[in-house]
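Letter by letter, the chains look like this.
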Amino acid sequence: MVGFKNRYMVMEVFVDPNKDIISRDDPIVLSQHNISKAIKDSILINFGECGLAASLGSFQVKYVNHITKVCIIRASRDEHQKVWAAITMVRSVGNCPVVFNLLDLSGNIRACKSAALKCEELKFEHLKIVSGALQSEDVNKHMQNLERIKMLEH
């Protein structure tokens, strides 16, 4: 019996830099639910109900890091181009204007996990350099989790 074939996409979410200036009281929350809803709405608008129904069989936002703004999205092998096209057409998550950038496309989760870890590691290193010693508890906790994940890989 042949297993169900999936594609995994590592996506980077670029948040509009002017959003911080416009409204500080409305925090930008990137969560699995918010990103999934935005992508499903885009599939519905651009490909209709039939396209949405075909894509939902395997579609799932597997991982989101709200600090580095990296996410992993799963789609079936037959429908991954449709999902990718719909992600490209997403212009906002919630009330926040965003743009998605594909970092890696793979057939297994392990390869995407390593690509996501590499990207997050680079972002955390950049964050360390930029912020110096002024890091929040949340950032420190995510950095420790990243170190634990890297240790489990080896």
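Since the structure is predicted, the reported quantities are computational estimates derived from the model, not experimental observations. (Residues numbered from 1 in each chain as written. Predicted model: local features only at pLDDT ≥ 70, side-chain atom pairs only at ≥ 80, totals over all residues. Heavy atoms only, no water.)

**Some details on the packing of aromatic side chains**
For any two aromatic rings, the description comes down to two numbers: the centre-to-centre distance and the angle of the planes.
Right, so step 1: Inspection of the entire model under this criterion finds 0 aromatic pairs.
Right, so step 2: Stacked on the ring of Phe 47, the Lys or Arg Lys 82 has its end atom at 5.8 Å from the ring centre. (Phe/Tyr/Trp six-rings, centres within 6.5 Å; stacked < 30°, edge-to-face > 60°. Lys NZ or Arg CZ within 6 Å of the ring centre and 35° of its normal.)

**As for the packing of helix 2 (residues 32–55) against helix 3 (residues 80–88)**
Right, so step 1: Interhelical geometry of helix 2 versus helix 3 gives an angle of 160° and a closest axis separation of 8 Å. Considering their axes alone, helix 2 and helix 3 lie roughly antiparallel with respect to each other. Crossing handedness for the pair helix 2 and helix 3: right-handed. Residues Ile 39, Ser 42, Ile 43, Phe 47, Gly 51, Ala 54 and Ser 55 of helix 2 lie in contact with helix 3, whose contacting residues are Lys 82, Val 83, Ala 85, Ala 86 and Ile 87.
Right, so step 2: Taken together, the residues of the contact of helix 2 with helix 3 sort by class into 8 nonpolar, 3 polar and 1 charged. (Axes fitted to C-alpha atoms, helices over the stretch in contact; angles between N-to-C directions. Helix = DSSP H or I, 4+ residues; strand = E, 2+ residues; numbered from the N terminus. Parallel < 35°, antiparallel > 145°, perpendicular 65-115°, else oblique. Left-handed = near helix turned anticlockwise from the far one by under 90°. Contact = heavy atoms within 4.5 Å. Nonpolar A, V, L, I, M, F, W, Y, C, P; charged D, E, K, R; others polar.)

**Side note on the pattern of salt bridges**
Right, so step 1: Counted by the stated rule, this structure contains 3 salt bridges.
Right, so step 2: Between Glu 79 and Lys 82 there is a salt bridge; the shortest N-O distance is 3.0 Å.
Right, so step 3: Residue classification places Glu 79 among the buried positions, given a relative accessible area of 15%.
Right, so step 4: Judged by its relative accessible area of 22%, Lys 82 falls in the partly exposed class. (Salt bridge = Lys/Arg side-chain N within 4 Å of Asp/Glu carboxyl O. Buried < 20%, exposed > 50% of the residue type's maximum accessible area, 1.4 Å probe, protein only.)

**Brief notes about the sheet that holds strand 1 (residues 6–15)**
Within a sheet, neighbouring strands are paired by backbone hydrogen bonds and run either parallel or antiparallel to one another.
Right, so step 1: In spatial order, the strands read 2-3-1-5-4; together these 5 strands make up an open sheet with antiparallel pairing. In the strand order of this sheet, the two ends are held by strand 2 (60–65) and strand 4 (92–93), each with one partner.
Right, so step 2: Packed onto the sheet, helix 3 meets strand 1, strand 3 (70–76) and strand 5 (96–106) and runs at close to 5° relative to strand 1. (Pairing = 2+ DSSP bridges.)

**Considering the nonpolar core**
Right, so step 1: By size, the foremost hydrophobic cluster in this structure holds 24 residues, and its most contacted members are Ile 39, Ile 73 and Phe 100.
Right, so step 2: Going through the elements one at a time, strand 1, helix 2, strand 2, strand 3, helix 3 and strand 5 are the ones with two or more residues in this core.
Right, so step 3: For this core, the element with the highest residue contribution is helix 2, accounting for 5 residues.
Right, so step 4: In this structure, Ile 73 is in contact with Arg 7, Tyr 8, Met 9, Met 11, Ile 39, Phe 59, Gln 60, Val 61 and Ile 87, ignoring residues within four places of it in sequence.
Right, so step 5: Counting 7 residues, the second-largest nonpolar core is a separate cluster that includes Tyr 8, Val 70, Ile 72 and Cys 112. (Core = buried A, V, L, I, M, F, W, Y, C linked by side-chain atoms within 4.5 Å.)

**Quick look at the side chain of Glu 79**
Right, so step 1: Take Glu 79: it is sitting in the loop between strand 3 and helix 3.
Right, so step 2: Ignoring anything within four residues of it in the chain, the contact list for Glu 79 reads Ala 54 and Ser 55.

**What to know about helix 3**
Since there are 3.6 residues in each turn of an α-helix, residues three or four apart along the chain are aligned in direction.
Right, so step 1: The complete set of buried residues in helix 3 reads His 80, Val 83, Ala 86 and Ile 87. Down the axis of helix 3, the buried set is contained in an arc of 125°. They therefore lie on one face.
Right, so step 2: Buried-residue contacts for helix 3 involve strand 1, helix 2, strand 3 and strand 5. (Arc of directions from axis to C-beta.)

**Remarks on the environment of Val 29**
Right, so step 1: Within the element layout of this structure, Val 29 appears in the loop between helix 1 (19–22) and helix 2.
Right, so step 2: In this structure Val 29 comes out as partly exposed when scored by relative accessible area, which is 48%.

These values are about where atoms sit, not about what they do.
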